[in-house]
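Architecture at a glance
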Amino acid sequence: MRISVSSDMDEGVARQLVAELRRRGHTVISHGALQPDEKDDWAFCSEAAARDVVEGRADQAVVCCWTGTGASIAANKLPGVRAALCTDGYTAGGARRWNDANVLALSLRLTSTALLSEILDAWFDGAPSQEPDDQENIAHLGRIGLG
Ligand SMILES: O=P(O)(O)OC[C@H]1O[C@@H](O)[C@H](O)[C@@H]1O
C-alpha cells in the first residue's frame, strides 16, 4: 500500500516506523520532521499526511506526535478521515475492524519498538467488519459530517 507518514519530531520510533513500513513492502510518503524543508508542527504535518489519503495519493496514513493526540485531532478534521490513536495491537486491530480507521495515530512517547511491531501487525491484518451494526456506525459518521 501507499502509506503517508508524518511526525512533528525526529524522535522515538518515527524513523523506525518508516523503515518498518518499507520492510513490509509499503511505499512511504514522508511529512514533517521526516521530510527536509517541510513544516514539522503537528497540525500541519498531520494534515499533510491525512490529505494524501483524502486526495488519493495514499491509501492510509500514520501520523505521529509526542502524545499522538494533536496528530489524531488534526487528521480527523479532514472529511473522510477516520484517525485512531492506538497504543497497543488490540486497539489497532479494533480500529480497523470496528471503526474502519484509515489513519493510524501514534504517540512517540508511549510507542516502544516492540509495541510498534505489534500495532502494525494488527493494523495491517485487520479489515473492516461486515456486520450490519458496524457498517451502520461507519455510515453514520458520514451523516454527521466527518466521514
Ligand atoms: O507545543 P508543540 O511542541 O508544538 O507540541 C507539543 C505536543 O503537543 C501534542 O499535541 C503533540 O504531542 C506535540 O508533540
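Definitions and limits used
- Residue numbers restart at each chain and count upward from 1, following the sequence in its written direction.
- Reporting in this predicted model follows two pLDDT cut-offs: at least 70 for local features of residues, and 80 or more for side-chain atom pairs to be given and counted; totals over whole chains, interfaces and linings ignore these cut-offs and use all residues.
- Note that water and hydrogens are dropped before the side-chain values are worked out from all heavy atoms of the structure.
- Strand pairing follows a simple DSSP-based rule, namely that at least 2 bridges must link the two strands.
- A run of H or I in DSSP counts as a helix once it spans at least four residues, and a run of E counts as a strand once it spans at least two, with each numbered from the N terminus.
- Handedness is read with the strands pointing away from the viewer; a crossover is right-handed when the path from the first strand over the helix to the second is clockwise.
- Proximity is defined per residue: any heavy atom of the residue falling within 4 Å of a molecule or strand makes that residue near it.
- Any N or O atom pair separated by 3.5 Å or less is treated as a polar contact, with the protein-specific requirement of one donor-capable and one acceptor-capable atom, and with residues adjacent in sequence counted only for side-chain atom pairs.
- What sets the accessible areas is the Shrake-Rupley method with a 1.4 Å probe; for residues, cover comes only from the shown protein chains.
- Under the scheme applied, nonpolar residues are Ala, Val, Leu, Ile, Met, Phe, Trp, Tyr, Cys and Pro; charged residues are Asp, Glu, Lys and Arg; polar residues are all the others, including Gly.
- Each reported salt bridge corresponds to a side-chain nitrogen of Lys or Arg within 4 Å of a carboxyl oxygen of Asp or Glu.
- Exposure classes here rest on a 1.4 Å probe applied to the protein chains alone. A residue is buried below 20% of its type maximum, exposed above 50%, and partly exposed in between.
- Centres within 6.5 Å make a pair out of two Phe, Tyr or Trp rings, where for Trp the six-membered ring is used; the pair is then stacked when the planes are under 30 degrees apart, edge-to-face when over 60, and tilted otherwise.
- A positively charged side chain is recorded as over a ring if its NZ (Lys) or CZ (Arg) lies within 6 Å of the ring centre. The angle to the ring normal must also be within 35 degrees.
- Angles shown run from 0 to 180 degrees and are taken between the N-to-C directions of axes, each axis being a line fitted to C-alpha atoms and, for helices, limited to the stretch in contact.
- With respect to orientation, any angle under 35 degrees is reported as roughly parallel, any angle over 145 as roughly antiparallel, any angle of 65 to 115 as roughly perpendicular, and every other angle as oblique.
- Crossings are classed by handedness, with left-handed meaning an anticlockwise turn of the near helix from the far one by less than a right angle and right-handed meaning a clockwise turn.
- The contact criterion used throughout is that any non-hydrogen atoms of two residues lie within 4.5 Å.
- In a helix, the anticipated span is given by 1.5 Å times the number of residues less one.
- Along the arc lie the directions from the helix axis toward the C-beta atoms.

1. Side note on the pairing of strand β2 (residues 27–32)
Where strand β1 (residues 2–7) meets β2, six bridges bridge the pair, whose relative direction is parallel. Across the sheet, the residue bridging to I3 is V28, located in β2. With helix α1 (residues 14–23) bridging β1 and its parallel neighbour β2, the resulting β-α-β unit is right-handed.

2. Describing the site of the ligand
The ligand sits among D8, W42, C65, W66, T67, T69 and G70. Take W66: an N or O atom from its main chain is 3.0 Å from an oxygen atom of the ligand. Out of a free accessible area of 360 Å², the ligand has 56% covered by protein chains. Of the residues belonging to the shell around the ligand, the class tally is three nonpolar, three polar and one charged.

3. Description of the pattern of salt bridges
Within this structure, the stated rule accounts for 12 salt bridges. Ionic pairing is found between R24 and D121, a salt bridge with its closest N-O pair at 2.8 Å. With R24 in the loop between α1 and β2 and D121 in helix α5 (residues 113–125), the pair connects residues that are 97 residues apart, well separated along the chain. Using a relative accessible area of 24% as the deciding quantity, one classes R24 as partly exposed. One salt bridge in this structure joins R57 and D52, with 2.8 Å as the shortest N-O distance. One salt-bridge network, in which partners are shared between bridges, spans E47, R51, D52, E55 and R57.

4. A few points about the packing of aromatic side chains
Across all of its chains, the model carries one aromatic pair by this definition. Directly above the ring of F44 sits K39, whose terminal nitrogen or CZ lies 4.6 Å from the centroid. Its end group placed over the ring of W123, R96 keeps NZ or CZ at 5.7 Å from the ring centre.

5. Regarding the packing of helix α4 (residues 89–99) against α5
Where α4 meets α5, the axes come as close as 7 Å, and the angle between the chain directions of the two elements is 20 degrees. Relative to α5, the element α4 lies roughly parallel. As α4 runs across α5, the sense of the crossing is right-handed. Where α4 approaches α5, its residues G89, A92, G93, A95 and R96 are matched on the opposing element by E118, I119, A122 and W123. Of the residues belonging to the contact of α4 with α5, the class tally is five nonpolar, two polar and two charged.

6. Some thoughts on α5
Compared with the 18 Å implied by 1.5 Å per residue over 13 residues, the 18 Å span of α5 between its first and last C-alpha is a close match. Looking only at α5, the buried set comprises L116, I119, L120, A122 and W123. Viewed along the axis of α5, the buried residues span an arc of 165 degrees, placing them on a single side of the element. Along its buried surface, α5 packs onto α1, β3 (60–65), α4 and β5 (103–107).

7. Re the sheet that holds strand β4 (residues 83–85)
The five strands lie next to each other as β2-β1-β3-β5-β4, forming an open sheet whose pairing is parallel. The two strands at the open ends of the sheet, each matched to only one other strand, are β2 and β4. Ignoring which end each strand starts from, the neighbouring axes of this sheet average 20 degrees apart. Against the sheet, helix α2 (residues 42–54) contacts β1, β2, β3 and β5, and its axis sits at roughly 175 degrees relative to β1. Each of β3, β4 and β5 is contacted by helix α3 (residues 69–76), which is oriented at about 140 degrees to β3, the strand it contacts most.

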